Amino acid sequence: MNLRRLGTWLRRILLGLFGSQLLIIAVLTGIDSYRKRFRPQPSFPYCLPQTLADDSGDVRIYTFGADLYDDMLADIDAATTRIDFETFIWKSDGYGQRVKDALTRAAHRGVDVHVIYDRFANLVVPRRFFDLDPKIHVHEHPLLRRGQPAWLPTSWARTHRKLLIIDSKVAYLGGYNIGDLYATDWRDTHIRLSGSPVPELENAFIDFWNADARPVLPEVTERTWDSPVRVHRNIPSLFTFPIRSMYLEAIDRANRNCWMTHAYLIPDEGLTSTLIAAAGRGVDVRIIVPAASNHVVADWLSRGFYRRLLEGGVRLFLFQNAMVHAKTATIDGIWSTIGTANMDNLSLAFNYELNVEILGAETAEVMETIFSQDLGNCVEVTLEEWERRSIVAKATEAILAPLRPLF
């Protein structure tokens, strides 16, 4: 009887916790939705696109969406042989339609166009928008991936990648989805690459395409070992998640500075410990996150880590007046990464993601300049201020904490 009573009480406690979490999520979402009505027009500083040249080819870094889209559209219009395009979110608005029209024009002039988009991410986009021209080869990544048991979490993995490849010569990669909102109102980071990194990114697209879509694309044969740019890709179907390892190795190697910008900061224990260890040995560890992101629950889950990070010497900065959606880091003036993976479990242990790792002082210098400019639009969180937050806030963080592995 005692065991039965214990089991009953445990069930009641778990149901109570789950109910409390659902209630808090509903309240937070409602409050956030109301506040959004009164938020001022987003504004933030950004750098003009900068082009660098090294032995691997040209690198161009973007921090404003309209600049990125202008160059992407120009490259699509100049394409002569093949376009590979993959996105997570593709809005049916002004810029979304411009990209769609450019891809259609390319297909009609004989360019071989392949498009991948994520079904779940675009549930709110009218279905007719994705009735692309018959000349365009399209793969809609499904809600549930075929060929794997539905009970496997990896069957539900999303393709969170944002990738564009033109004529096997130029590749774009980064955090920008496609839409008017991202063109002007969000601060994000994207990169345009030429030279030796392009076949690696093309290979990543082809492998993903050939796993589920048709017609089968030929394999890339011109890949090289000798490049300062390395491509890391998470492949849930193969239970392969190297981007997390890339971050762990780079942070562990840091000896001067580690500056990171992330839309969602929900690190696992290994990443949290590695960041604190770096700060403990004197590394200048700084992380920029949104003061208010587009996912209020993710914000509250992230705040549950602040105290431990601050006590460990990690400096946290809240980006003001706009959503910062970048997924970047630069370390020791030599190492940088730009890509699609957030610092959370969804990106690092669940979704299809792509990041480039760049070894080069010139690229790192540009990334540090961008970080410093973003820093001027931030408010630093101090441990003393954080400890003074209300008991309600602390209780909310504690109740939501068990949800962290799901984000």
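Up top is the structure.
Residues numbered from 1 in each chain as written. Predicted model: local features only at pLDDT ≥ 70, side-chain atom pairs only at ≥ 80, totals over all residues. Heavy atoms only, no water.

Caption draft 1: Region of the structure containing the sheet that holds strand 13 (residues 315–319). Across the sheet, which stays open at both edges, the eight strands sit in the order 10-17-16-15-11-12-13-18 with mixed pairing between neighbours. In this open sheet, the two strands that pair with only one neighbour each are strand 10 (229–234) and strand 18 (378–381). Strand-to-strand twist of the sheet, defined as the mean angle between neighbouring strand axes without regard to direction, takes the value 20 degrees. As paired strands, strand 11 (residues 257–262) and strand 15 (residues 327–331) are joined by five bridges and run antiparallel to one another. Bridge pairing in strand 15 links Trp259 to Thr330. (Pairing = 2+ DSSP bridges. Helix = DSSP H or I, 4+ residues; strand = E, 2+ residues; numbered from the N terminus. Axes fitted to C-alpha atoms, helices over the stretch in contact; angles between N-to-C directions.)

Caption draft 2: Structural view of the environment of Met343. Relative to the elements of secondary structure, Met343 occurs in the loop between strand 16 (335–339) and helix 10 (345–349). Along the sequence, Met343 and Pro267 sit 76 residues apart, while their C-alpha atoms lie 5.7 Å from each other. Excluding residues that lie within four positions of it along the chain, Met343 makes contacts with Tyr247, Met260, His262, Tyr264, Leu265, Ile266, Pro267, Leu271 and Leu348. (Contact = heavy atoms within 4.5 Å.)

Caption draft 3: Here's a closer look at the layout of surface pockets. There is about 1,500 Å³ of room inside the largest pocket. Around the largest pocket, the lining comprises 48 residues; the ones closest to its centre are Trp186, Tyr264, Ser293, Asn294 and His295. When contributions to the lining of the largest pocket are tallied by element, the ones reaching two or more residues are helix 4 (180–184), helix 8 (296–303) and helix 10. Across the lining of the largest pocket, the residue classes break down as 28 nonpolar, 13 polar and seven charged. The set of elements that each furnish at least two residues to the lining of the second largest pocket consists of helix 5 (197–212) and strand 10. Per-element tally for the lining of the second largest pocket: the top contributor is strand 10, with five residues. Class assignment of the residues belonging to the lining of the second largest pocket gives a composition of five nonpolar, four polar and four charged. (1 Å grid on protein atoms, 1.4 Å probe; cavity = no way out; pocket = protein on both sides within 12 Å on 5 of 7 lines; lining within 4 Å. Points joined across faces, edges and corners; volume = space filled by probe spheres on them. Nonpolar A, V, L, I, M, F, W, Y, C, P; charged D, E, K, R; others polar.)

Caption draft 4: A look at the nonpolar core. Ranked by size, the top nonpolar core spans 98 residues in total, and within it Ile83, Phe85, Trp90, Leu103 and Tyr247 carry the most contacts. Sequence-distant contacts of Leu103, defined by excluding residues within four places in its chain, comprise Ile76, Ile83, Phe85, Trp90, Val113, Val115 and Ile136. Formed by 32 residues, the second largest nonpolar core is a distinct cluster that contains Ala157, Val220, Ile338 and Val356. (Core = buried A, V, L, I, M, F, W, Y, C linked by side-chain atoms within 4.5 Å. Buried < 20%, exposed > 50% of the residue type's maximum accessible area, 1.4 Å probe, protein only.)

Caption draft 5: Structural detail: the pattern of salt bridges. What the rule picks out here adds up to 23 salt bridges. One salt bridge connects Glu140 with Arg119, and the closest N-O pair in it is separated by 3.6 Å. You can see Glu140 sitting in strand 5 (residues 137–141) and its partner Arg119 sitting in the loop between strand 4 (112–118) and strand 5, a full 21 residues away along the chain. Overall, the relative accessible area of 18% leaves Arg119 in the buried class. A salt bridge links Arg223 to Glu200, with the shortest nitrogen-to-oxygen separation between them at 3.1 Å. Note that Arg223 is positioned in the loop between helix 5 and strand 10 and Glu200 in helix 5, a separation of 23 residues in sequence. (Salt bridge = Lys/Arg side-chain N within 4 Å of Asp/Glu carboxyl O.)

Caption draft 6: Molecular detail of unusual backbone geometry. Along the chain, Arg214 connects to Pro215 via a cis peptide bond; the corresponding omega equals 5 degrees. Mapping Pro215 onto the fold places it in the loop between helix 5 and strand 10. Even without being glycine, Phe239 reaches a positive phi, approximately 55 degrees.

Caption draft 7: Representation of the pairing of strand 16. Within strand 16, five of the five residues are buried, which leaves it mostly tucked inside the rest of the structure. Of the two faces of strand 16, the one carrying Trp335, Thr337 and Gly339 and the one carrying Ser336 and Ile338 are both buried. What sits between the antiparallel neighbours strand 15 and strand 16 is a turn of three residues, in which Asp332 has the positive phi angle 60 degrees. Where strand 16 lies against strand 17 (residues 353–359), five bridges are found, and the strand directions are antiparallel.

Caption draft 8: Summary view of a negative patch on the surface. A contiguous patch of negative charge on the surface is contributed by Asp54, Asp58, Glu362 and Glu365. Looking at the element boundaries, Glu365 is found in helix 11 (residues 361–375). Residue Glu365 is classed as exposed on the basis of its relative accessible area, which comes to 54%. (Patch = residues over 30% accessible without salt bridge, like charges linked within 9 Å, V, L, I, M, F, W, Y side chains within 5 Å. Areas by Shrake-Rupley, 256 points an atom, 1.4 Å probe, with all protein chains shown as cover. Lys, Arg positive; Asp, Glu negative; His and termini not counted. Charge placed at Lys NZ, Arg CZ, Asp CG, Glu CD.)

Caption draft 9: Geometry of the side chain of His232. Secondary-structure assignment places His232 in strand 10. Within the structure, the side chain of His232 is placed 2.7 Å from the side chain of Glu357, a separation counted as a polar contact. Look past the residues within four positions of His232 in its chain and what remains in contact with it is Pro242, Ile243, Met246, Glu353, Leu354, Asn355 and Glu357. (Polar contact = N/O pair within 3.5 Å; in protein donor to acceptor, adjacent residues only side chain to side chain.)

Caption draft 10: Representation of helix 7 (residues 269–280) in the model. Along its twelve residues, helix 7 runs 16 Å from first to last C-alpha, staying within 8% of the 16 Å computed at 1.5 Å per residue. Of all the positions in helix 7, only Leu271, Thr272, Thr274, Leu275, Ile276, Ala278 and Ala279 are classed as buried. On its buried face, helix 7 sits against helix 6 (242–253), strand 11, strand 12 (284–290), helix 9 (306–311) and helix 10. Its side-chain oxygen at 3.1 Å from the backbone nitrogen of Gly270, Asp268 defines the N-terminal cap of helix 7. Directly after helix 7, the chain includes Gly282, whose backbone phi takes a positive value near 95 degrees. (Expected span 1.5 Å × (residues − 1).)

Caption draft 11: Structural context of the side chain of Glu353. Turning to its location among the elements, Glu353 is positioned in strand 17. Buried and without a salt bridge, Glu353 has Lys162 as its closest oppositely charged side chain, separated by 5.5 Å. Reaching out from Glu353, the side chain makes a polar contact with the side chain of His160 at a distance of 3.0 Å.

Caption draft 12: A look at the packing of helix 8 against helix 13 (residues 391–400). The N-to-C vectors of helix 8 and helix 13 enclose an angle of 100 degrees; their axes lie 9 Å apart at closest approach. The angle between helix 8 and helix 13 falls in the class roughly perpendicular. Counting all contacts with helix 8, which are made through Trp300, Leu301 and Arg303, the residues of helix 13 involved are Ala393, Thr396, Glu397 and Leu400. Looking at the contact of helix 8 with helix 13 residue by residue, the classes come out as four nonpolar, one polar and two charged. (Parallel < 35°, antiparallel > 145°, perpendicular 65-115°, else oblique.)

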